[in-house]
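# Structural description and commentary
So you can see what is in the structure, the chains are spelled out below.
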Amino acid sequence: MKQDSMIMRASTVVARFALAFGIFGGMFAGTTLADGVIPLPAEIHPHAGTFTAGAGALVRVPARDRGARLAAAYFVDLLTRTHHLQLPIDTGSATDARGATDARGATDARGATDARGATDTIRFRRRPGLGPEAYWLDIAPHRVTVSATTDAGLFYGAVTLWQLVPPMAAVVSIPAQTINDGPAYRWRGLMLDSVRHFQSPAFVKSMIDWMAWHKLNVLHWHLTDDQGWRLEIKKYPRLTEIGAWRIPAAVPGTVPGTVPDTSQLAVASRSYGGFYTQAQVREIVAFAASRHVLIVPEIDVPGHAQAAIAAYPALGVDDRPLAVSARWGVHTHLFNVEPATFRFLDDVLSEVIALFPGPYVHLGGDEPAKDEWNASAAVQARARALGIPDADALQAYFTQRLAKALTAHHRRLIGWDEILQPGLPRDAIVMSWHGTTGVHAAVASGHDAILAPWPTLYLDYRQSTLPSEPPGRLIVSSLEDVYRFEPRDPSLNADEQSHILGVQANIWTEHMRTEERLEWMALPRAAALAEIAWTAPERRSWPDFLERLIPMFARYRAAGLVYADSVFAIDAAVTRSAGQVGVTLSNQAQRGPTPVSEIHYTLDASEPTAASPVYREPLSLPLGVELRAAAYVGSELASAVWVRHLDELTLGHKDSHELELCSDGLGLLLEPEAARGAAEPPIAIDIMNPCWIDRAVDLTKGVHLRAAVAPLPFNYEIGADADKIRVGDAHSTTGELEIHVDGCDTPAATTLPLQPAAQSRAVTILAALQLAARAGHHDLCFRFARPRLDPMWALDWVEISE
Ligand code: TNX
């Protein structure tokens, strides 16, 4: 089961989702209006009665209406997948195709048996005058009608109808209501980075499928970068023969004690990678079309180009051979500006355009560190010949030169907000990631724009501070942060507003080594994104969204998708005083005036159920008990079960999440390369300053201390910032763990040599040491003295006992 790979708390035993939901998943009660529909529809009007489709119910579509047939088939397919219900489809009569009331219309309205003998019908039909993605859904006691002008509208009507059927229901039973719906924005996107880590074609399709459930309609596919070229280009086979492969990114200190020089590594060690063949891309594009998802390919220029240059060195600024990068960050290798390079890019774009029929091509443009261009005599000479004054203007030239190629192919250019420079063609679209300032500048100058602000809509940021989060970035962008991002900006005038095409969240995958983790990072934040992109701000409500999320979770489980329970997951603060343990429990959903979930707990090692005591105030418990807690929404289990033995040993054990980081330079959640169980949390670390604090430790009697450490690769391109990292202070060739009392800059109270851990890629427990008694409570600071940047030592946990 996929859920097995979810990251769980190390110091505690957490019951697995799969198990817990297996026990409690069937309890979902009845449905109310639009219960479970995400994104929330624009208008819902309740009526008396209930539509119930039992055996013999029929789905009817007009004859020769392919769009209606596909929408109906998707509805039937979804119902089969999540409910194991199979409804037959009747492809109808010519009368239906005209959309007029047929002879059976009156019969249907009465709910009597129609010509095929079915009592209850779900009809898909055309209705003129609705918006391009809008639909109308009428649920009456014996008949459901899904109508729309377009195929997309019928499809979205089908998705809503599916979501109206309560999860686990054995029959289709929906309260009578009319739903009139359409999106606030036409661009409702997710960006998938298939470069930093590669996903299988099957995964990409599965993602497109669940995007459709959320009425998300754009997959921006990031296909080229420094760490790989993932798209087969027939004219340039080396792009994927060479450019699609790199060394695994997480090998710490590849040659112990030296900075790994990837260009020296044998081809055989370039073991990580993959690419999409053109046949696979065609299949994915066709699949996406069937889900009304548009794929927008991204070929990133002029930066993020190292993989292409590794494959064809003549594309680069100097002749030095390059390897495909296995490092994260901003690389300095740019395409050169020679005519041959533009011919190459024109050729690449011709193949890209042939594969992706959509109207847009994304040409990146982000983070072009201009060092190489500025330093190169050849680039400077070329710029002078073109009459271009500086490197920024050169990037403008680069983008605009390729924009012309796209225009010739009747395609519109999209780029990150760095492309907004004088001369940018008016029809180019600006994708703003630097907050929303890029959007203001873009729409003010008449460009269409898409909101994709960092860090709120960056799904590589973690969703909570809990140790259950997989590797990623340390800043928190919670489900609520995403939900509360407001795309509508009242400071823009109506004309400017009309240039905002919509919103997009970006899934950068540096730290997402597995597809399961990617799903965890994407779900359910994609549901929050869907609602801000589709539903008008005045209709959105955070508590209401959370309630509707519970049946969405059930659908995710039915489809075998991994998702984050972070919003409901139990957060515990534990304190000790004289034989007692104080425990404060909370979760993200609990905060605010209207708590959506309730926390139930047990002290007898049994699983908490909805009937277990409700947590209302901090608990004071005797030492030695085992506390279990879980969040419920009504009778539905909404979080993993949190477990902790409150005994001496586990209370003295603190992992990197329970310690405090000394600084917030560049915070990441990282994992050691080797020998780590699925239940071990990643390590919280500031790579600019790997340093942790344990506050107010009682040293009156002295303490016994154990620490677990791991070497992590320093595989980051951070330019001159690397000089700010303190290294070179080690007293041996491998370095030491230093423990400081009351301030990290005091002389170390004691040090532990790292030598015993140096040969391992896993976590090593260093020999225990004794910290001498001194009166009162003191802050302990743990940091490393190391000879060089790589490896970067990390503190996994400390254990302090008397
Ligand atoms: C910035 S946002 C990038 C990506 C990284 C991302 C990590 C943007 C256009 N470029 O190359 O993957 O940060 O969060």
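The rules behind these values
Residues numbered from 1 in each chain as written. Predicted model: local features only at pLDDT ≥ 70, side-chain atom pairs only at ≥ 80, totals over all residues. Heavy atoms only, no water. Helix = DSSP H or I, 4+ residues; strand = E, 2+ residues; numbered from the N terminus. Buried < 20%, exposed > 50% of the residue type's maximum accessible area, 1.4 Å probe, protein only. Contact = heavy atoms within 4.5 Å. Areas by Shrake-Rupley, 256 points an atom, 1.4 Å probe, with all protein chains shown as cover. Near = heavy atom within 4 Å. Polar contact = N/O pair within 3.5 Å; in protein donor to acceptor, adjacent residues only side chain to side chain. Nonpolar A, V, L, I, M, F, W, Y, C, P; charged D, E, K, R; others polar. Salt bridge = Lys/Arg side-chain N within 4 Å of Asp/Glu carboxyl O. Core = buried A, V, L, I, M, F, W, Y, C linked by side-chain atoms within 4.5 Å. Expected span 1.5 Å × (residues − 1). Pairing = 2+ DSSP bridges. Disulfide = S-S within 2.5 Å. Axes fitted to C-alpha atoms, helices over the stretch in contact; angles between N-to-C directions. Parallel < 35°, antiparallel > 145°, perpendicular 65-115°, else oblique. Left-handed = near helix turned anticlockwise from the far one by under 90°. Phe/Tyr/Trp six-rings, centres within 6.5 Å; stacked < 30°, edge-to-face > 60°. Lys NZ or Arg CZ within 6 Å of the ring centre and 35° of its normal.

### Some remarks on the overall build of the protein chain
- When helices and strands are tallied, the protein chain shows 20 helices and 42 strands.
- The 802 residues of the protein chain split such that 58% are buried.
- Taking as baseline every contact in the protein chain between residues at least 6 positions apart, the subset at least 24 positions apart corresponds to 73%.
- Per element, the accessible surface of the protein chain, about 29,000 Å² overall, is 55% carbon and sulfur.

### A look at the site of the ligand
- Near the ligand, the surroundings consist of Arg 196, His 304, Asp 366, Glu 367, Trp 416, Trp 433, Tyr 458, Asp 460, Arg 473, Trp 508 and Glu 510.
- Arg 196 is positioned such that a nitrogen or oxygen atom in its side chain is 2.8 Å from an oxygen atom of the ligand.
- The separation between an oxygen atom of the ligand and a polar side-chain atom of Glu 367 is 3.5 Å.
- For the ligand, whose accessible area on its own is 370 Å², the fraction buried by protein is 95%.
- The residue inventory of the shell around the ligand, partitioned by class, reads four nonpolar, one polar and six charged.

### Considering unusual backbone geometry
- Residue Val 301 is joined to Pro 302 through a cis peptide bond whose omega torsion reads -10°.
- Tracing the backbone through its elements, the reader meets Pro 302 in the loop between strand S14 (294-301) and helix H9 (306-311).
- Of note in the backbone geometry, Arg 64 takes a positive phi value of approximately 55° without being a glycine.
- Structurally, the position occupied by Arg 64 is in the loop between strand S2 (58-60) and helix H2 (66-83).
- The phi dihedral of Ala 605 is positive, around 65°, even though this residue is not glycine.
- Here Ala 605 shows up in the loop between strand S25 (598-602) and strand S26 (619-622).
- Ala 605 sits in the partly exposed class, given a relative accessible area of 40%.

### Comments concerning the environment of Ala 354
- Here Ala 354 lies in helix H10 (residues 339-355).
- Judged by relative accessible area, Ala 354 falls into the exposed class, the value being 63%.
- The spacing of Ala 354 and Gln 278 is 76 residues in sequence and 9.9 Å in space, taken between C-alpha atoms.

### Examining the pattern of salt bridges
- One pass over the full model with this rule turns up 38 salt bridges.
- Put simply, Arg 540 and Glu 486 hold a salt bridge, and the shortest N to O gap is 3.0 Å. Taken as a pair, Arg 540 in the loop between helix H18 (525-534) and helix H19 (542-558) and Glu 486 in the loop between helix H15 (479-483) and helix H16 (494-498) lie far apart in primary sequence, 54 residues in all.
- Glu 486 gets classed as partly exposed once you look at its relative accessible area, which sits at 31%.
- Across the salt bridge formed by Asp 745 and Arg 783, the nearest N and O atoms sit 3.2 Å from each other. Of this pair, Asp 745 sits in the loop between strand S37 (736-741) and strand S38 (750-753) while Arg 783 sits in strand S41 (residues 777-785), placing them 38 residues apart in sequence.

### Thoughts on the nonpolar core
- If you look at the biggest cluster of nonpolar residues, it comprises 177 residues, and the most contacted ones within it are Phe 75, Phe 124 and Leu 190.
- Looking at this core, the element that brings in the most residues is helix H5 (residues 151-164), giving nine residues.
- Apart from the residues lying within four places of it in its own chain, the contact partners of Phe 75 are Val 59, Leu 87, Ile 122, Phe 124, Ala 158, Leu 161 and Trp 162.
- Residues Leu 699, Leu 769, Leu 771 and Leu 780 belong to the second largest nonpolar core, which totals 40 residues.

### Side note on H2
- Helix length check: H2, at 18 residues, gives a terminal C-alpha distance of 25 Å against a target of 26 Å (1.5 Å per residue), a fit within 8%.
- Considered for burial, the residues of H2 that qualify are Gly 67, Ala 68, Ala 71, Ala 72, Tyr 74, Phe 75, Val 76, Leu 78, Leu 79, Thr 82 and His 83.
- Two or three places before Gly 67, at the opening of H2, Asp 65 has a side-chain oxygen 3.3 Å from that residue's backbone nitrogen.
- Once H2 finishes, His 84 follows within two positions and takes phi at roughly 55°, a positive value.

### Concerning the sheet that holds S38
- If you trace the five strands from one edge of the open sheet to the other, you get S31-S34-S41-S37-S38, paired in antiparallel fashion. Edge positions in the sheet fall to strand S31 (660-661) and S38, since each of these pairs with one other strand and no more.
- Strand direction decides the pairing type here: strand S34 (residues 691-698) and S41, joined by six bridges, are antiparallel. Bridge pairing links Asp 694 to Leu 780 in S41.

### Some words on the state of the cysteines
- Taken as a whole and assessed by the stated rule, the structure comprises two disulfides.
- Between the sulfur of Cys 662 and that of Cys 691 lies a disulfide, 2.1 Å long from S to S. Residues Cys 662 and Cys 691 are joined by a disulfide whose S-S torsion is about -70°; by sign, that bridge is left-handed. Here the residue Cys 662 occupies a position in the loop between S31 and strand S32 (667-670), and Cys 691 occupies one in strand S34, the gap between them amounting to 29 residues.
- Under the relative-accessibility criterion, Cys 662 is labelled partly exposed at 25%.
- Since its relative accessible area comes to 2%, Cys 691 is described here as buried.
- Paired by a disulfide, Cys 744 and Cys 781 hold their sulfur atoms 2.1 Å apart. Residues Cys 744 and Cys 781 are joined by a disulfide whose S-S torsion is about 110°; by sign, that bridge is right-handed. Of this pair, Cys 744 sits in the loop between S37 and S38 while Cys 781 sits in strand S41, and the two are 37 residues apart along the sequence.

### Digging into the pairing of S41
- By the criterion of burial, S41 is predominantly enclosed, with seven of the nine residues buried.
- Two strands pair when backbone bridges link them, and S37 and S41 are joined in this way by six bridges, in the antiparallel orientation. Note on S41: the bridge partner recorded for Val 741 is Leu 780.

### What to know about the packing of H18 against H19
- Look at H18 against H19: their axes get within 11 Å of each other, and the N-to-C directions meet at 130°. The angle between the axes of H18 and H19 places the two elements in the oblique class. Along this stretch, H18 crosses H19, giving a crossing that reads as right-handed. In this structure, H18 uses Ala 527, Ala 528 and Glu 531 to contact H19, whose residues at the interface are Phe 545, Arg 548, Leu 549 and Tyr 556.
- By residue class, the composition of the contact of H18 with H19 is five nonpolar, no polar and two charged.

### Let's talk about the environment of Val 727
- Mapping Val 727 onto the fold places it in the loop between strand S36 (716-717) and S37.
- A relative accessible area of 32% places Val 727 in the partly exposed class.
- In this structure, Val 727 is in contact with Arg 786, Pro 787, Arg 788 and Leu 789, ignoring residues within four places of it in sequence.

### Examining the side chain of Ser 639
- Topologically, Ser 639 is positioned in the loop between strand S28 (636-637) and strand S29 (642-645).
- Judged by its relative accessible area of 0%, Ser 639 is buried.
- In this structure the side chain of Ser 639 is engaged in a polar contact, spanning 3.0 Å, whose partner is the backbone nitrogen of Ala 631.

### Topic: the packing of aromatic side chains
- Enumeration according to the criterion identifies 30 aromatic pairs in this entry.
- Ring centres of Phe 342 and Tyr 397 lie 5.8 Å apart, and the angle between their planes is 85°; on these two criteria the pair is classed as edge-to-face. Taken as a pair, Phe 342 in helix H10 and Tyr 397 in helix H13 (residues 391-408) lie far apart in primary sequence, 55 residues in all.
- Here the guanidinium or amino end of Lys 215 rests over the ring plane of Trp 534, the centre of that ring lying 5.6 Å away.
- Over the ring of Tyr 312 we find Arg 238; its NZ or CZ atom is 6.0 Å from the centre of that ring.

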